[in-house]
Amino acid sequence: RVQTLNHDRLHQMDLLNRFLTEKGVPRILAQRIRRQIRERALVEKPLTVQDVPSLSLLPTTLKHELSCSIFARVMLRHSVFYTWCIVDDAMVEDITSRTADLEAYSKHDDIFVPVMEAKKTYCVRNGSLSYCRDVLIAPG
């Protein structure tokens, strides 16, 4: 298994090197890209539902229960969700089963990009989030 993983990593790096060479990426930029990929490959991210294909075999009711188990505590920490739950106790289960999704990010990942439309709301479950706004200055 270790040999297979090492083989896969070497193959990925070979593909990367070939891509960077074929596209004529400047040497300094290519070195930065390789370093970032090596560093990120060593980081073990938490698993998401998409990382576990066998979960797709679960019946819908069990998927909903799993989703509620994963997200309900985090959501109920926020007053708006807590209030909704008091009004309608099925609301949190409905929200978690229909809209909540687990994503895992590494340090220095860009989640928000300037001038990109926001299509999701994020809630940090573990770790921390640092948000800063870059000011775009028009040339001229």
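Rules used in this analysis
- Residue positions within a chain follow its written sequence, with the count starting from 1.
- Only residues with pLDDT of at least 70 are given local features in this predicted model, and only at 80 or more are side-chain atom pairs given and counted; all residues enter the totals for whole chains, interfaces and linings.
- Side-chain figures throughout are based on the complete set of non-hydrogen atoms in the structure, without hydrogens or water.
- The patches reported here contain residues having more than 30% relative accessible area and no salt bridge. Joining distances are 9 Å for like charges and 5 Å for nonpolar side chains (Val, Leu, Ile, Met, Phe, Trp, Tyr).
- The protein chains shown are the only cover counted for residues, whose accessible areas, like all others here, come from Shrake-Rupley with a 1.4 Å probe.
- We count a salt bridge whenever a side-chain nitrogen from Lys or Arg sits within 4 Å of a carboxyl oxygen from Asp or Glu.
- Strands are runs of DSSP state E lasting at least two residues, helices are runs of H or I lasting at least four, and both sets are numbered from the N terminus onward.
- Known as pLDDT, the predictor's confidence for each residue is given on a scale from 0 to 100.
- Three exposure classes are used, based on accessible area relative to the maximum for each residue type with a 1.4 Å probe and protein chains only: buried under 20%, partly exposed in between, and exposed over 50%.

(A) Up close: a nonpolar patch on the surface. Judged by side-chain polarity, Tyr105, Phe112, Tyr122, Val124, Leu129 and Tyr131 come together as a nonpolar surface patch covering roughly 580 Å² of accessible area. Among the secondary structure elements, tyrosine 105 is positioned in the segment after α5 (91-98).

(B) Inspection of the confidence of the model for the protein at higher detail. In this model, the protein carries a mean pLDDT of 81, and residues with pLDDT of at least 70 account for 89%. Averaged over each element, pLDDT in the protein is lowest for α5 (74) and highest for helix α2 (residues 27-42) (91).

(C) Representation of the side chain of serine 67. Within the secondary structure layout, serine 67 lies in helix α3 (residues 60-76). Judged by relative accessible area, serine 67 falls into the buried class, the value being 11%.

(D) How the structure looks around the pattern of salt bridges. Within the structure shown, the criterion is met by one salt bridge. For glutamate 22, the salt bridge goes to arginine 18, with nearest N and O atoms at 2.8 Å. On the criterion of helical spacing, the pair formed by glutamate 22 and arginine 18 is a turn pair, its members being four residues apart in helix α1 (residues 2-22). The exposed category is assigned to glutamate 22, whose relative accessible area is 51%. The class of arginine 18 is exposed, set by a relative accessible area of 53%.

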